[in-house]
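Understanding the architecture of this molecule
Residue strings, one per chain:
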Amino acid sequence: MKDKLHNEIKEYTNQVCSLRKEFNEIKKTGVLEEDFEKKINRVNFNQNNILEKLIPYYRQENIENTEVLFKELEKIGSFENTAIIESTIVFDESNLIVSNSKGELYIVKIDINMYTVEWSEKLDINIKCSYIEKISEERILLLGQSGEMILLEILERKLYNISKKSFKLISQRNRIDEYGFLDILKIEENKYIRKKEENLLEIFEIEISSNKVDIVKEKRQEIYIEKEIISSSLVLGLDRIIIGTDSGNVYIYRKNNSEYIFDYSLDIFNQEVSNISKLDSDGKDIAIFSSDGNFKVYSFNNKEIHLKENKKIDGSIFKLESKESTGLMIGQEGVAYIIEENMGSWYVNSKKIEKFFIEILAHEKEYYLLFDLDSNIYLLYIDRIRSVEDMYNKIKFS
């Protein structure tokens, strides 16, 4: 890559020198060649192309010290949350739907430009949510810790004025069984995973009609891990499920027709696998964390996952959100850590945010949201060099 880029820079330099000679000749003769403007455009195109390729090299110089903007959002309005936040989703570019430990549901309006947050009055629905999903432009699915299933109709496509009247209850199913809905992961449309017991997962399908939501009983599959406790799991694409255990092992299941079958296993840590998460980059990277702060980045191809690099942080990670080659993690001690990808490798930022965070969310554009125990919401922006303009600005103001 470096040799190819070096040759491109050399060729570009020669083009500029040749163009300079032609220009000097034009000044003497006053005659402008017909294709001179095309040559200028070609040189400008090559310049921009080279600058794009130089971004990762410039970024690499300070990759572990990328600047971040961290700001608490000011609460406005007369309503507020009074319990610990448990589940959140991005409803649209300005609004979240939030569930708390009392089973209350709220709409939360975020204004990134004004750095404000406004809570609605609580909705007329009480459910301790483990999972919230906007399944279409018209509907929201809620799954409860005790086995409830709720379908809401969205009455306002854009929530300009946040209100509990923005939603209408279509269907409610109470306690489908004794297991409830815990550690829910979505596989594909209407197909999910839940944790039934400490060593047992179930793949299930949901049937949604115009006025009803229910589990399809005949379309269930159980995945049992013998003599180990399931501590984390991840759905990778449409055909892989990755399961981590308290023994530090990782089990990979692959899709075979309509079912998932065991493929192979990896002995990764001597400690519990505390989290498995996807990393948003050009490749198919995943991060696997141990309870003692070690984590490994693996690259996934069509058949296997391959170890790329080993990393270490201070705490045990329980959640990671990732977008546009960056990531935000929170540990059991509530501290937030930032990671960033460059040239195929991931780097832990030297800056960590030491508040007690309980939830994080990748928001619109390049922003992340963080939530603390007192329902305060914070905005985090990672000032990553993403474009030639960003690189120019860094050089200009450095």
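In this text, all values refer to a predicted model and were calculated from it rather than measured experimentally. (Residues numbered from 1 in each chain as written. Predicted model: local features only at pLDDT ≥ 70, side-chain atom pairs only at ≥ 80, totals over all residues. Heavy atoms only, no water.)

1. Comments concerning the overall build of the protein chain
This is how it is decided: Helix numbering and strand numbering both begin at the N terminus, where a helix is a DSSP run of H or I of at least 4 residues and a strand a DSSP run of E of at least 2. Relative accessibility thresholds used throughout: buried, under 20% of the residue-type maximum; exposed, over 50%; partly exposed, between the two (1.4 Å probe, protein chains only). Contact between two residues is taken to exist if any of their heavy atoms lie within 4.5 Å; hydrogens are not considered.
Within the protein chain, the regular secondary structure consists of three helices and 29 strands. For the protein chain, the spread of C-alpha atoms along the three principal axes comes to 90 × 50 × 40 Å. When the 398 residues of the protein chain are sorted by exposure, 48% land in the buried category. Counting contacts in the protein chain only where the partners sit at least 6 residues apart, residues at least 24 apart contribute 47% of the total.

2. Regarding the nonpolar core
To be explicit about the condition: Among buried residues, those of type Ala, Val, Leu, Ile, Met, Phe, Trp, Tyr and Cys that are joined through side-chain atoms within 4.5 Å constitute a nonpolar core.
Grouped together as the largest cluster of nonpolar side chains are 17 residues, with contacts concentrated most on L96, V108, I110, W119, L369 and I377. Counting 16 residues, the second largest nonpolar core, distinct from the first, contains L105, L123, I125 and C129.

3. A short note on the pattern of salt bridges
Operational definition: Any Lys or Arg side-chain nitrogen located within 4 Å of an Asp or Glu carboxyl oxygen qualifies as a salt bridge.
A complete count under the given rule lists 24 salt bridges for this structure. The partner of E202 in a salt bridge is R194, with the nearest N and O atoms 2.8 Å apart. With respect to class, E202 is no different from R194; both count as buried. Note that R384 and E340 form a salt bridge whose closest N and O atoms lie 2.9 Å from each other. Highlighted residues: R384 in the loop between β29 (377-382) and α3 (388-396) and E340 in strand β25 (residues 336-342), separated in sequence by 44 residues. Here R384 and E340 have matching classes, each one buried. Each of the salt bridges in this network shares a partner with another, and the network as a whole consists of D177, R194, K196, E202, R220 and E222.

4. Section: helix α2 (residues 36-60)
Here is the rule we go by: By definition here, a helix of n residues has an expected span of 1.5 Å times n minus one.
Over its 25 residues, α2 extends 37 Å from the first C-alpha to the last, a length consistent with the 36 Å expected when each residue adds 1.5 Å. Those residues of α2 lying buried are F36, K39, V43, N46, I50, L51, I55, Y57 and R59. Where the residues of α2 are buried, they touch α1 (2-29), β25 and α3.

5. A short note on the sheet that holds strand β14 (residues 213-224)
Sheet strands pair by backbone hydrogen bonding; their relative direction is either parallel or antiparallel. To be explicit about the condition: The pairing criterion for strands is at least two bridges between them, as found by DSSP. A fitted line through C-alpha atoms represents every axis, and for helices the fit uses only the stretch in contact; the resulting angles, taken between N-to-C directions, go from 0 to 180 degrees.
Ordered in space as β11-β12-β13-β14, the four strands form an open sheet in which the pairing is antiparallel. Two strands in the sheet have a free side with no partner beyond their single neighbour: β11 (185-188) and β14. Neighbour-to-neighbour, the strand axes of the sheet open up by a mean angle of 35°, direction not taken into account. In terms of strand pairing, strand β12 (residues 191-197) meets strand β13 (residues 200-208) through six bridges, oriented antiparallel. Following the sheet pairing, Y192 is matched in β13 by F204.

6. Regarding the packing of aromatic side chains
Short version of the rule: We call Phe, Tyr and Trp rings a pair once their centres come within 6.5 Å, taking the six-membered ring for Trp, and we label the pair stacked below 30 degrees between planes, edge-to-face above 60, and tilted otherwise. When the NZ atom of lysine or the CZ atom of arginine is within 6 Å of a ring's centre and also within 35 degrees of its normal, the charge is said to sit over that ring.
Summed over all chains, the structure comprises twelve aromatic pairs. With 5.8 Å between their ring centres and 25° between their planes, Y192 and F204 make a pair best called stacked. Of the two residues, Y192 is situated in strand β12 and F204 in strand β13; the sequence distance between them amounts to twelve residues. For the pair formed by Y192 and F204, the shared burial category is buried. Among the aromatic residues, those joined into a cluster by ring pairs are Y131, F181, Y192 and F204. R194 extends its terminal NZ or CZ atom over the ring of F204, reaching a point 5.8 Å from the ring centre.

7. Regarding the side chain of S375
Selection criterion: Within 3.5 Å is the distance limit for a polar contact, defined as a pair of N or O atoms, with the added protein rule that one can donate a hydrogen and the other accept it, and that residues adjacent in sequence qualify only through two side-chain atoms.
Among the structural elements, S375 can be located in the loop between β28 (367-372) and β29. A residue is classified by how much of its surface remains accessible, and S375, at 3% relative accessible area, is buried. Of note is the side chain of S375, whose polar atom sits 3.4 Å from the backbone oxygen of A83. Residues within four places of S375 in sequence aside, it is in contact with K75, N81, A83, I85 and W119.

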